[in-house]
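Examination of the molecular architecture
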Amino acid sequence: MSAVLVIEDDDRIRLSLVMALEDEGYTVTGAANAEEGLAAQRSRPADTVLVDLMLPGIDGFECIRQIRRTDDAPIVVISARDDTHDIVAALEAGADDYLIKPVAVKELTARLRALRRRARAIGPETVHILRFGDLELEPEAGEVRLHGAPVQVTRTEFQLLCELAEHAGKVLSRQQLLQRVWQYDGGDERLVDVHVGRLRQKIEDDPSTPKHLVTVRGLGYKLHR
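Residues numbered from 1 in each chain as written. Predicted model: local features only at pLDDT ≥ 70, side-chain atom pairs only at ≥ 80, totals over all residues. Heavy atoms only, no water.

Among the residues of helix α4 (residues 84–93), those classed as buried are D86, I87, A90, L91 and A93. An end-on view of α4 places all buried positions within 160° of arc, on one side of the element. At the N-terminal boundary of α4, the capping side chain belongs to D83, with an oxygen 2.8 Å from the backbone nitrogen of H85. (Buried < 20%, exposed > 50% of the residue type's maximum accessible area, 1.4 Å probe, protein only. Helix = DSSP H or I, 4+ residues; strand = E, 2+ residues; numbered from the N terminus. Arc of directions from axis to C-beta. Polar contact = N/O pair within 3.5 Å; in protein donor to acceptor, adjacent residues only side chain to side chain.)

Have a look at this one:
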């Protein structure tokens, strides 16, 4: 059983999500606004958080940012807003995935199952430190260091970095990364691009000219040894 927090101001949508997820065996808490949701997550953290963007008071973007400051639980946006700018902004705020309303329950539960599988399989089974110049990755400990200093990354960023490190020097396409990191058979490749961009902000001295996590035009991404 897994706990899910649903932050949605529309009573009808929130109730339908709560009931549908409970029918699938989840323990679900509903919150009508960000303030209520943030308080619930602080007092009794859920394994996964679903967030609408168009919330009264604190909006969904700021809600995601506040959760991310202290919590690495997977965050899935469920919103009627399908503009590319909104999707990218939500992912950059710290969301792990983005679904557009109306959401099919089967698709949502499939995403939640994938998130749970990822949570159980962080990093390859190695105990040694992987070094890429001034970048160090310790998969078993869940640690990343740049110039010897700790780098704070999210769960998804860490899994993405582990996958690239496991195949260091080899190009992985966006679809391969979606399948291996997100465990999605197909999906929106913007998920990969935004997370790569955020990761570069943390592990590159100059994100505009990356030396570790590089783009191979037309093919995908690779991590330089």
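Let's shift gears to the packing of helix α6 (residues 155–166) against helix α7 (residues 174–182). Packed helices, taken two at a time, are described by their axes: the angle between them and the distance between them. Here α6 crosses α7 at 120°, and the two axes come no closer than 10 Å. By the angle between their directions, the pair α6 and α7 is classed as oblique. The crossing of α6 and α7 is right-handed. Only L177, R180, V181 and W182 of α7 make contact with α6, whose side of the interface consists of T156, Q159, L160, E163 and L164. Counted by class, the contact of α6 with α7 contains 5 nonpolar, 2 polar and 2 charged residues. (Axes fitted to C-alpha atoms, helices over the stretch in contact; angles between N-to-C directions. Parallel < 35°, antiparallel > 145°, perpendicular 65-115°, else oblique. Left-handed = near helix turned anticlockwise from the far one by under 90°. Contact = heavy atoms within 4.5 Å. Nonpolar A, V, L, I, M, F, W, Y, C, P; charged D, E, K, R; others polar.)

Roughly 230 Å³ of internal volume is contained in the largest pocket. Around the largest pocket sit 13 residues that line it, and G142, E143, V151, Q152 and V153 are the ones nearest its centre. Of all the secondary-structure elements, those providing two or more residues to the lining of the largest pocket are β8 (143–146) and α6. Looking at the lining of the largest pocket, the element that brings in the most residues is β8, giving 3 residues. Of the residues in the lining of the largest pocket, the class split is 6 nonpolar, 3 polar and 4 charged. (1 Å grid on protein atoms, 1.4 Å probe; cavity = no way out; pocket = protein on both sides within 12 Å on 5 of 7 lines; lining within 4 Å. Points joined across faces, edges and corners; volume = space filled by probe spheres on them.)

Geometric descriptors of this kind do not, in isolation, establish any biological role.
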